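Residue-level structure breakdown
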Amino acid sequence: MQPAVPDPPPMNGKLRLTPALSDAPIGVPARKNGSMSQPSTQGQVQHAQPSVGSIAAHRPHTLSAAVSDLDPDIDADLDAYDEDGQIGHDGQELPQGRFLDRERSWLAFNERVLELAEDPNTPLLERANFLAIFASNLDEFFMVRVAGLKRRIATGVATRSASGLQPREVLELIWNRSRELMARHAACYQEDVAPGLADEGIHLVRWNELTEKEQSRLFTLFRQQIFPVLTPLAVDPAHPFPYISGLSLNLAVVVRNPVSGHTHFARVKVPPLLSRFLEASPQRYVPIEDVIAAPAHLAELFPGMEIQEHHMFRLTRNEDLEVEEDDAENLLQALEKELMRRRFGPPVRLEVEESIDRNVLDLLVRELKISEAEVYPLPGPLDLTGLFGISALDRPELKYPKFIAGTHRDLAEVESASAPDIFAALRERDVLLHHPYDSFSTSVQAFLEQAAADPDVLAIKQTLYRTSGDSPIVDALIDAAESGKQVLVLVEIKARFDEQANIKWARKLEEAGCHVVYGLVGLKTHCKLSLVVRQEGETLVRYSHVGTGNYHPKTARLYEDLGLLTAKREVGADLSDLFNRLSGYSRRETYRRLLVAPKSLRDGLVSRIEKEIQHHRAGRPAYVRIKVNSMVDEAIVDSLYRASQAGVPVDVWVRGICAVRPGVVGLSETIRVRSVLGRFLEHSRVFAFANAGEPEVWIGSADMMHRNLDRRIEALVRVTDPAHRAALNRLLETGMSDTTASWHLGADGNWTRHALDPEGQPLRNVQEMLIDARRRRRGTAKP
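The following paragraphs examine the structure supplied in this document. Everything numeric here is computed off the predicted structure, so don't read it as measured data.

1. Here's the deal with the packing of helix α2 (residues 124–155) against helix α3 (residues 167–199)
Here α2 crosses α3 at 165°, and the two axes come no closer than 11 Å. Considering the angle they form, α2 stands roughly antiparallel to α3. The way α2 lies across α3 gives a crossing that is left-handed. Its residues assigned to classes, the contact of α2 with α3 comprises 22 nonpolar, 3 polar and 4 charged.

2. Comments concerning unusual backbone geometry
Here the residue pair Gly-380 and Pro-381 is connected by a cis peptide bond, since its omega of 0° sits within 30 degrees of zero. A cis amide bond links Ala-597 to the next residue, Pro-598, at an omega of 10°. With respect to the secondary-structure elements, Pro-598 resides in the loop between β22 (594–597) and α15 (601–617). Positive phi outside glycine occurs at Asp-383, with the angle close to 60°. Phi is positive for Asn-691, which is not a glycine, with a value near 55°. Mapping Asn-691 onto the fold places it in the loop between β27 (685–689) and β28 (696–700).

3. Thoughts on the environment of Asn-176
Relative to the elements of secondary structure, Asn-176 occurs in helix α3. According to the relative accessible area criterion, Asn-176 is partly exposed, its value standing at 48%. Along the primary structure Asn-176 and Ala-373 are separated by 197 residues, whereas in three dimensions their C-alpha atoms are 8.7 Å apart.

4. Considerations on the pattern of salt bridges
Tallied over the entire structure, the rule returns 47 salt bridges. With a closest N to O distance of 3.1 Å, Arg-256 and Glu-306 form a salt bridge. Placement of the pair is Arg-256 in strand β7 (residues 249–256) and Glu-306 in strand β11 (residues 306–317), with a sequence separation of 50 residues. When its relative accessible area of 37% is taken as the criterion, Glu-306 is described as partly exposed. Between Asp-456 and Arg-534 there is a salt bridge whose closest N-O contact spans 3.8 Å. One end of the pair, Asp-456, is in the loop between α11 (444–453) and β15 (457–464); the other, Arg-534, is in strand β19 (residues 528–536), with 78 residues separating them in the sequence. For Asp-456, a relative accessible area of 34% gives the class partly exposed. What makes Arg-534 buried here is its relative accessible area of 13%. Connected through shared salt-bridge partners, Asp-139, Arg-276, Glu-289, Arg-314, Arg-349, Glu-351 and Asp-383 make up one network.

5. Some details on the pairing of strand β29 (residues 712–719)
Counting buried residues in β29 gives 7 out of 8 residues, a clear majority hidden from the surface. Pairing geometry for strand β18 (residues 524–525) and β29, over 2 bridges, is parallel. For Thr-525, the partnering residue across the bridge sits in β29 and is Ile-713. Of the strand pairs in this sheet, β22 and β29 are connected by 4 bridges, and their pairing is antiparallel.

6. Observations regarding a negative patch on the surface
On the surface, Glu-449, Asp-475, Asp-479 and Glu-482 cluster together into a patch of negative charge. Relative to the assigned elements, Asp-479 resides in helix α12 (residues 472–482). Residue classification places Asp-479 among the partly exposed positions, given a relative accessible area of 43%.

7. Focus: the sheet that holds strand β5 (residues 203–204)
Strand pairing in a sheet relies on backbone hydrogen bonds. The paired strands run either parallel or antiparallel. Pairing is mixed across the open sheet formed by 3 strands, whose spatial order is β5-β10-β9. With partners counted over all chains shown, the strands left at the sheet margins are β5 and β9 (277–281), one partner each. Looking at chain direction, β9 and strand β10 (residues 284–287) are connected through 4 bridges and run antiparallel. Each bridged residue has a counterpart across the sheet, and for Leu-278 the counterpart in β10 is Val-286. Contacting β9 and β10, helix α4 (residues 212–226) runs over the sheet at an angle of about 135° to β9.

8. With respect to α3
Compared with the 48 Å implied by 1.5 Å per residue over 33 residues, the 46 Å span of α3 between its first and last C-alpha is a close match. The largest bend in α3 comes to about 40°, at Tyr-189. Gly-201 sits one or two residues past α3 and shows a positive phi near 90°.

9. A word on the sheet that holds β11
Pairing in this open sheet of 6 strands is mixed, and the strands run β6-β8-β7-β11-β12-β13 from one edge to the other. Of all strands in the sheet, those bounded by a partner on one side alone are β6 (233–235) and β13 (375–378). Neighbouring strand axes in the sheet, compared pairwise and without regard to direction, differ in orientation by 30° on average. Both β6 and strand β8 (residues 263–269) contribute to a ladder of 3 bridges, which runs antiparallel. In the sheet register, Ala-234 faces β8, and the bridge partner there is Ala-266. Sheet contacts for helix α8 (residues 358–368): β7, β8, β11, β12 (347–353) and β13; angle to β12, the most-contacted strand, approximately 165°.

Cut-off values and rules
- Residues numbered from 1 in each chain as written.
- Predicted model: local features only at pLDDT ≥ 70, side-chain atom pairs only at ≥ 80, totals over all residues.
- Heavy atoms only, no water.
- Axes fitted to C-alpha atoms, helices over the stretch in contact; angles between N-to-C directions.
- Helix = DSSP H or I, 4+ residues; strand = E, 2+ residues; numbered from the N terminus.
- Parallel < 35°, antiparallel > 145°, perpendicular 65-115°, else oblique.
- Left-handed = near helix turned anticlockwise from the far one by under 90°.
- Nonpolar A, V, L, I, M, F, W, Y, C, P; charged D, E, K, R; others polar.
- Buried < 20%, exposed > 50% of the residue type's maximum accessible area, 1.4 Å probe, protein only.
- Salt bridge = Lys/Arg side-chain N within 4 Å of Asp/Glu carboxyl O.
- Pairing = 2+ DSSP bridges.
- Patch = residues over 30% accessible without salt bridge, like charges linked within 9 Å, V, L, I, M, F, W, Y side chains within 5 Å.
- Areas by Shrake-Rupley, 256 points an atom, 1.4 Å probe, with all protein chains shown as cover.
- Lys, Arg positive; Asp, Glu negative; His and termini not counted.
- Charge placed at Lys NZ, Arg CZ, Asp CG, Glu CD.
- Contact = heavy atoms within 4.5 Å.
- Expected span 1.5 Å × (residues − 1).
- Bend = angle between axes of the 7 residues up to and from the residue.

Below is the structure:
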């Protein structure tokens, strides 16, 4: 347990917060006043898409994974912030130690995921899914955040950040805290979830628990389908220690030559494209590594040798990318080259079975050049991301009740077999979409498909950050180009862990005749925009979509996101200007209904927060309500502190990491921070201001992080329809309500789950409330 932050004593008339031991630094050259800095499996066990966030964040690690669209917010935010000299509402400097550490906060986020797996009220297969999500999240955290921190320590560019700890302290905190969480994770599986599944007839067993008939059946499977793809690699003077790829499962085998009496070490890699769990008999599953490691099977791999022992291990490597865009003549070629390098990144974590022989462990540590602090002994089986396959079993009674989204009522007053006329609907009114409660396929997807098929549509302009392998969005754009329409597609090929897929789709679009661009040098294009230009009589009409989530039909059924479909001229003009900037040489920095990073978004939000202070002083209605995935940017956080010091109510609904210390006397007494995790991944970004009784509400793609505000093209759109503004404010109020199940953040950085009322009854679940509201609208609500 980390100690709580003590009540800070006044120092020279100024408030100073003592940083908790978990407050940690990451940073290089400072950014001041918001300016930009220059930072120096196929089969049943593929990583099916999870239901809560990242990092980010849970990303499939197999090429055959159905979906790889999570943005878990673990990019290396390298910018430091000049904490000293920041002035509060009262004219005094804001106290040091006022920011919670982002690494500790991310680990706390993943702990919330683990708590859902530990909760007996969570359906059993969903608990298995949350165990897999936790494991996948932690994999990516080590591959990116821990690897980045180690790299910056090694190169001497990691400095103490605003949260207060030195880089080495942060690393030790991560090692210690992650070790605790991984132990809890393993215990949850071993002592709770696996026995619970067995009670329901789903048995996850080890080799020695199989019947003789089951073992015989698996021996046949091994000989026919597994043995041919295995490659045992010896280690001796003629065979150097083999390369161990990141996230692969491996057997360390010790064999003895009965003739010479010498013992030898060998490594056998578990093929990553084979099913993680094998069905030994109906509803009885055994890990594939147990099948490979069975005595008779190892004897097939090492004939004539005596098998003395074997142990499982798994290595995590640095898999972040470093592409020097300024020096790369061809970004595609540079990125493809870097993707090859990713496979050989330095190790950052070694997971081993706790029963491993000390001599074998010493060999692994020495040959892999990893420290003892980075070794994690765990009970088997290792790599519980394999539970994604188990959670996908067809046992609906052990899952959340099925929900199928319907067509938004503004697009089709009465649902029918015929598709709604999107353009006709948008000529009548704006449409505010809320996925997955509103169908993506009959709204955004239909919008683009109709545009592709409509002979009156002249042009389509589209951003693609991530999309699926069989994307109907890509198909619609190809159809549009092949029919002679002007199609501009901005493909962000640097979307982490989707680089290879995005390169593939970029080339497919180019071959179809689409104009494909890759954004601006030094900036990722993360905004979610679509623009359709249509000839209507003598005029051209622009139809627009601005969203908070990717154009990904599969994740649209799992991620909570918002989107605005509109035919309003000012939005269409803004999108035209922004696309011209992305594809050409436009230097436009101001827009009519958009705030766009990196130039105007941070300043635009800070100025609106400052206006709420003025409204509050004058006795006019004032509040700040924000819903984001991450709240880390210090300039934004400081503006919230100033608003709180002035008495403005501030609500922050954050899914993942948060640097705000709420409830500190004299600093943040009016700030509340909540987090909601559940069956859907909360992914939308909303910014609402009272604005003296005329509410101003924005939605868009940006989280409050350096990377989003300084190194990405992000866009927020102002929502002008009074009914839409009211609906978004009701959503924010519901999420922040004390009668809604959520986690509450304390000033010490600890999150407390609030799931039951004082009588022990479950609090309202905001996601289930929204599902039920849609069911009532369609007359299918449960009695």
